Amino acid sequence: MKAVKKKKKSIFLRIALLAFSVYVIVTLVQLQLQIGNEQQRLNKLDEDIQRQVSLNEDIQNKTDNYEQYLEQRARERGMARPGEVIYKEIPEN
């Protein structure tokens, strides 16, 4: 009778150990999948940040040089600042 009790305990212990092992493996696999998904999300956010930083730098450069840009465009159209004299070269024929 003692041998039967030991065998039953041993079987229950093995089943419990197997169930726990399966639980741990499934949990680890789920965590790895979550880590992979979050890593992809993080990479996408990093790309978005880099794109936005580049856009911000471009806008900052445009605003920093806006006066120069306007002045250049105005001079191309023949405009001058008050008090300036514009000389144009006329080619000889």
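Note that this is a predicted model, so its numbers are computed, not measured.

Definitions and cut-offs
Residues numbered from 1 in each chain as written. Predicted model: local features only at pLDDT ≥ 70, side-chain atom pairs only at ≥ 80, totals over all residues. Heavy atoms only, no water. Salt bridge = Lys/Arg side-chain N within 4 Å of Asp/Glu carboxyl O. Helix = DSSP H or I, 4+ residues; strand = E, 2+ residues; numbered from the N terminus. Buried < 20%, exposed > 50% of the residue type's maximum accessible area, 1.4 Å probe, protein only.

Asks: Describe the pattern of salt bridges, naming the residues involved and giving the relevant values.
Replies: Tallied over the full model, the rule gives 8 salt bridges. The salt bridge involving aspartate 58 is made with lysine 62; its shortest N-O contact spans 3.7 Å. Of this pair, aspartate 58 and lysine 62 are both found in helix 1 (residues 2–64), 4 residues apart, which corresponds to roughly one turn of the helix. A relative accessible area of 54% means that lysine 62 is categorised as exposed. Between arginine 75 and glutamate 84 there is a salt bridge whose closest N-O contact spans 3.0 Å. In this structure, a network of salt bridges that share partners links the residues Glu71, Arg75, Arg81 and Glu84.

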